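Residues per chain, in single letters:
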Amino acid sequence: MRKESSVNLENEQALGNDCPFIFALSLMGKRWKPAILWKMTEGFYRFGEFKREIPQISEKMLTQHLRELETDGLITRTIYPEMPPRVEYALTEFGASLQPILKELNLWGEKAKTIKSA
């Protein structure tokens, strides 16, 4: 998160307001959010499952990004009243609308990786 007085934040907000493409990218995030969203195309996930699937992400960043994705309406967080408490994350209908885009981006990434390694 950037400081609210940051010039970079102001620039991002201005671009996001003027350009739907930039706005969409701002929702998807930079490094970890696309990885989280990509994993969720397979179904619901629990916190520990994210940690196993994306071991490089810190608990702090995972928690932060899950909260942001929930605030942006891309995922839901369901808390089950059990002991110990169980929390599951799933794509909302709005978040699921990203699935075709994420799949195409994955295909493009596979092709680009092949080209770059050749």
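Our structure is the block above this text.
Residues numbered from 1 in each chain as written. Predicted model: local features only at pLDDT ≥ 70, side-chain atom pairs only at ≥ 80, totals over all residues. Heavy atoms only, no water.

Caption draft 1: Inspection of unusual backbone geometry at higher detail. Omega for the bond connecting M83 with P84 falls within 30 degrees of zero, at -5°, which places this linkage in the cis form. Its place among the elements puts P84 in the loop between strand 1 (75-80) and strand 2 (86-91). (Helix = DSSP H or I, 4+ residues; strand = E, 2+ residues; numbered from the N terminus.)

Caption draft 2: Main features of the packing of aromatic side chains. Evaluation of the coordinates by the stated rule reveals two aromatic pairs. When the centroid spacing of 4.9 Å and the interplanar angle of 25° are considered together, the rings of Y45 and F50 count as stacked. By the burial criterion, Y45 is buried, and F50 matches it. One aromatic cluster is present, built from ring pairs that chain together Y45, F50 and Y89. Across from the ring centre of Y80, 3.9 Å away, lies the NZ or CZ of R86, which sits over that ring. (Phe/Tyr/Trp six-rings, centres within 6.5 Å; stacked < 30°, edge-to-face > 60°. Buried < 20%, exposed > 50% of the residue type's maximum accessible area, 1.4 Å probe, protein only. Lys NZ or Arg CZ within 6 Å of the ring centre and 35° of its normal.)

Caption draft 3: Up close: the pattern of salt bridges. Applying the stated rule across the entire model yields four salt bridges. The salt bridge involving K33 is made with E68; its shortest N-O contact spans 2.8 Å. You can see K33 sitting in helix 3 (residues 32-40) and its partner E68 sitting in helix 5 (residues 59-71), a full 35 residues away along the chain. One salt bridge connects E82 with R86, and the closest N-O pair in it is separated by 2.9 Å. Each of E82, R86 and E88 takes part in a single network of salt bridges with overlapping partners. (Salt bridge = Lys/Arg side-chain N within 4 Å of Asp/Glu carboxyl O.)

Caption draft 4: Layout of the environment of M40. Position of M40 among the secondary structure elements: in helix 3. What makes M40 buried here is its relative accessible area of 2%. Linking M40 and Y89, residues 49 residues apart in sequence, is a C-alpha distance of 8.1 Å. Beyond its immediate chain neighbours, meaning those up to four positions away, M40 contacts Y45, F50, I75, Y89, A90 and L91. (Contact = heavy atoms within 4.5 Å.)

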